[in-house]
Amino acid sequence: MVTSSAPGKVYLFGEHAVVYGEPAVPCAIERRARVTAERRGDDKLRVNATDLTLDGFTVEYDGDATGTPDVDVAEPLLEEGMGYVNEAVEQARDAADAPDAGFDVTIESAIPLGAGLGSSAAVVIAAIDAATRELGVELDAAEIADRAYRVEYEVQDGQASRADTFCSAMGGAVRVEGDDCRRIEDVPNLPFVVGYDGGSGDTGALVAGVRDLREEYDFAADTVAAIGDVVRRGEQALAAGDLEELGELMDFNHGLLSALGVSSRTLDAMVWAAREGDALGAKLTGAGGGGCIVALDPDDGTETALRYTQGCESVFRAELDTEGVRVEP
Ligand SMILES: Nc1ncnc2c1ncn2[C@@H]1O[C@H](COP(=O)(O)OP(=O)(O)O)[C@@H](O)[C@H]1O
Ligand SMILES: C[C@@](O)(CCOP(=O)(O)O)CC(=O)O
Ligand SMILES: [Mg+2]
């Protein structure tokens, strides 16, 4: 039996535009998904997720056929949840050259689902690591990231960048531009505050919306390119440790994402509350539509402002997690 964990992330800059080859800078945060894989005597896959919803679910997979879930979870959510885990296990079988390996898989995650904090990537990364180790194979983090990207690409119908999966596998702040993925060293202390509206966005649909706008309007394509410019400028500010400028650029990045139609009333309300609470800057993180915003604030003004904001369900500080995927004792 092996348990591995991998962190979620916030986007300092660049979500959505990264899908079209612009650079992005996601940062791993100290909120993890833990996945335990235990080899079975047969070729079945049994998945036990304690917090896919508040109830969780258990599903037994018999080859390709889904078994009957023993709790009441919406079908699409279940299918999607199983899709990520099933594909992750397939990757582990492939890596270990053990096509018939069966597993009992248990998922415990502290990353809210579909909220822009990369829960899908963290679950897939931890699952690939745990299942391959259980089969006696140790992959390096870069290979786990690559295999996890293929899972996200598959499950999200060909709409995924390498950003989330690479960041979760490596930890720390990373830079992703197309297939070029690297860690950013010597990052200054980044005082992240996350506001969560309790909701979620449909990553696939939001990415498709941006794609349509980009095809329809040149200025939407220009907006995506402008996000790339913000990111390149942001990288300089990051290297210089200039938090004031980072904040200003986060604000700009949010405006551009908003123009692309991926913000929402509560995300905007939280962004504005953070700014009024003296955040250095604030933006939505991830696909948008609902879920989380990330603000930069070394003091407690943003946290206080968000606590009094209608629509904001929880607020927490998120420390940069310099560690990526790891085995748990
Ligand atoms: N704890 C979990 N157990 C099982 N599946 C999970 C869990 N957390 C996330 N997932 C899968 O990841 C999906 C959410 O991924 P996504 O829409 O990309 O949002 P995000 O990555 O921003 O959280 C869920 O619908 C589910 O399929
Ligand atoms: C919108 C996008 O750039 C990020 C999605 O992040 P999340 O799954 O919402 O955490 C899509 C991608 O990069 O695959
Ligand atoms: Mg995701």
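Note that the structure is predicted; figures quoted are calculated from it, not measured.

**Student:** How do you make sense of the site of ligand 2 when you look at a structure like this?
**Tutor:** Close to ligand 2 lie 16 residues, the nearest being Lys9, His16, Gly118, Ser161 and Ala287. Contact distances for ligand 2 include 2.5 Å between an oxygen atom and a side-chain N or O atom of serine 161. Within the backbone of alanine 287, an N or O atom sits 2.9 Å from an oxygen atom of ligand 2. Protein chains bury 95% of the 390 Å² of accessible surface belonging to ligand 2 in isolation. Every element with two or more residues in the shell around ligand 2 is listed here: β1 (2–13) and α5 (203–216). Across the shell around ligand 2, the residue classes tally to seven nonpolar, six polar and three charged. Both of domain 1 (2–184) and domain 2 (192–318) provide at least three residues apiece to the shell around ligand 2.

**Student:** Even after reading the chapter, I still don't get the site of ligand 1, so can you show me in this structure?
**Tutor:** In the neighbourhood of ligand 1, 21 residues make up the surrounding shell, with Gly81, Gly114, Gly116, Ser119 and Ser120 lying closest. The contact in question runs from an oxygen atom of ligand 1 to an N or O atom on the backbone of glycine 114, over 2.8 Å. Contact between ligand 1 and serine 120: an oxygen atom at 3.1 Å from a side-chain N or O atom of the residue. Burial of ligand 1 by the protein chains amounts to 95% of its free accessible area of 560 Å². For the shell around ligand 1, the secondary structure elements donating two or more residues are α1 (75–96), β6 (103–109) and α2 (119–134). For the shell around ligand 1, the element with the most residues is α1, which contributes four residues. Residues that form the shell around ligand 1 fall into these classes: ten nonpolar, nine polar and two charged.

**Student:** For this particular structure, what's the right way to read the domain arrangement of the protein chain?
**Tutor:** The domains assigned to the protein chain are domain 1 (2–184) and domain 2 (192–318). Each of domain 1 and domain 2 was reduced to a C-alpha centroid, and the two centroids are 24 Å apart. Between domain 1 and domain 2, the residue contacts involve 27 residues of the former and 41 residues of the latter. In total, about 2700 Å² of surface goes out of reach between domain 1 and domain 2, with carbon and sulfur atoms giving 68% of it. On the surface where domain 1 and domain 2 come into contact, there are three salt bridges. Across the pair glutamate 22 and arginine 232 runs a salt bridge whose closest N-O atoms are separated by 3.3 Å. Where domain 1 touches domain 2, the interface holds twelve residue pairs in polar contact (both at pLDDT 80 or more). For the side of domain 1 that touches domain 2, the secondary-structure elements that each account for two or more residues are β1 and β2 (25–39). Class assignment for the residues of the side of domain 1 that touches domain 2 results in 17 nonpolar, six polar and four charged.

Definitions and limits used
Residues numbered from 1 in each chain as written. Chains lettered and ligands numbered in written order. Predicted model: local features only at pLDDT ≥ 70, side-chain atom pairs only at ≥ 80, totals over all residues. Heavy atoms only, no water. Near = heavy atom within 4 Å. Polar contact = N/O pair within 3.5 Å; in protein donor to acceptor, adjacent residues only side chain to side chain. Areas by Shrake-Rupley, 256 points an atom, 1.4 Å probe, with all protein chains shown as cover. Helix = DSSP H or I, 4+ residues; strand = E, 2+ residues; numbered from the N terminus. Nonpolar A, V, L, I, M, F, W, Y, C, P; charged D, E, K, R; others polar. Domains from an automatic or database assignment. Contact = heavy atoms within 4.5 Å. Buried area = accessible area lost by both parts, 1.4 Å probe. Salt bridge = Lys/Arg side-chain N within 4 Å of Asp/Glu carboxyl O.

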